[in-house]
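Tertiary structure, described
Residues per chain are reported as follows:
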Amino acid sequence: MKEDILKTAVDLFLTYGFKSVTMDDIANNLGISKKTIYQYFENKNILVEESVMYLFQFISSGIEDIRDMEKNPIEEIYEIKKFLMHNLKDEKSSPQYQLEKYYPKIFKDIKEKQYCVMDDCVSCNLERGKKIGLYRENLNVTFISKIYFNCMMSLKDKGLFPLENFSMKTLMDNYLEYHLRGICTPKGLELLNEYLKVNQSN
């Protein structure tokens, strides 16, 4: 039951935002009483915290599975993008904004965890790309990894990128191409262009 509550809470929080969803909404969606939820989660703050951690662990595990496939580094980046787009509903609401505004401590804690996962993922991707000649040899891996993470976080800022002007898919596609064109060798650019030609609708 606890996992069912967490799954439902995550789905609703991502769809409507952390502040907008009430304990009643979660209970009604599950067809249970609010009292049942309180048996597992003392208050909404604890439910939000555990939901965020549940989602973080799910996403981290999915990214690790993609990395284990050992696709070429360019394709790996796009596979991770597809996985994130499929599992993070960031179109209808602004879950990141609501989490940051109404649950700042939870937001700060999860942002640090996200950075650790992404830093490792991006750094390894860059080193592999350099090793096989797809990325330029003189790249500063630490610098690019930090820039990558902060740009990704900025894409979710609805003040900078209002949904009426930018869909999340458009933002992600544009940013990944921008990132890769800045770091690829001619060999890497050839592979990138081929990938984009074949996968333009994805």
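Numbering of residues begins from 1 in every chain and follows the order in which that chain's sequence is written. For this predicted model, a pLDDT threshold of at least 70 governs which residues receive local features, and a threshold of 80 or more governs which side-chain atom pairs are given and counted, while totals over whole chains, interfaces and linings are taken from all residues. Computation of side-chain values: all heavy atoms of the structure, hydrogens and water removed.

What follows concerns empty space enclosed by the protein. One simple way to see leftover space: roll a probe sized like a water molecule over the atoms. Lining residues are defined by having an atom within 4 Å of a point belonging to a cavity or pocket. Those points lie on a 1 Å grid over the protein atoms alone, cavities being sets where a 1.4 Å probe fits but cannot get out and pockets being open sets with protein on both sides within 12 Å along at least five of seven lines. Grid points are joined across faces, edges and corners, and a volume is the space filled by probe spheres set on the points. The tally for this structure, following the rule as stated, stands at one cavity of 30 Å³ or more. In this structure, the largest cavity spans a volume of roughly 870 Å³. Together, 42 residues line the largest cavity, and Ile59, Leu84, Leu88, Gln114 and Lys156 are the ones closest to its centre. Counting from the N terminus, the helices are DSSP H or I runs at least four residues long and the strands are E runs at least two residues long. Elements represented by at least two residues in the lining of the largest cavity include exactly α1 (2-16), α4 (44-68), α5 (73-87), α6 (95-102), α7 (104-131), α8 (141-155) and α9 (168-183).

Residues grouped as a nonpolar core are buried Ala, Val, Leu, Ile, Met, Phe, Trp, Tyr and Cys residues, joined through side-chain atoms within 4.5 Å. For every residue, the accessible area (1.4 Å probe, protein chains only) is compared with the maximum for its type, and the residue is labelled buried under 20%, exposed over 50%, or partly exposed between those bounds. Judged by nonpolar contacts, the single largest core of 24 residues is most densely connected at Ile74, Tyr78, Leu126, Tyr135 and Leu180. Of all the elements in the fold, those that place two or more residues in this core are α5, α7, α8, α9 and α10 (186-198). The greatest single-element share of this core, amounting to seven residues, is contributed by α9. We call two residues in contact when some of their heavy atoms are within 4.5 Å. Excluding its chain neighbours within four sequence positions, the residues that come into contact with Leu126 are Tyr135, Leu139, Val141, Ile144, Ser145 and Ile183. Of all hydrophobic cores here, the second largest spans 23 residues; its members include Phe18, Ile26, Leu47 and Tyr103.

So, on to the packing of aromatic side chains. The geometry of an aromatic ring pair is captured by two quantities: the separation of the ring centres and the angle between the planes. Pairs were defined over the aromatic rings of Phe, Tyr and Trp, the Trp ring being its six-membered one, requiring ring centres within 6.5 Å. Orientation was assigned from the angle between planes: stacked under 30 degrees, edge-to-face over 60, tilted for the rest. By the definition in use, this model includes seven aromatic pairs. Note on Tyr175 and Tyr178: the rings are 6.2 Å apart at their centroids and 35 degrees apart in plane angle, and the pair reads as tilted. Of this pair, Tyr175 and Tyr178 both sit in helix α9, three residues apart, which is roughly one turn of that helix. Above the face of the Tyr102 ring, Lys19 is positioned so that its terminal group lies 5.0 Å from the ring centre. By definition, being over a ring means that NZ of Lys or CZ of Arg is both within 6 Å of the ring centre and within 35 degrees of the ring normal.

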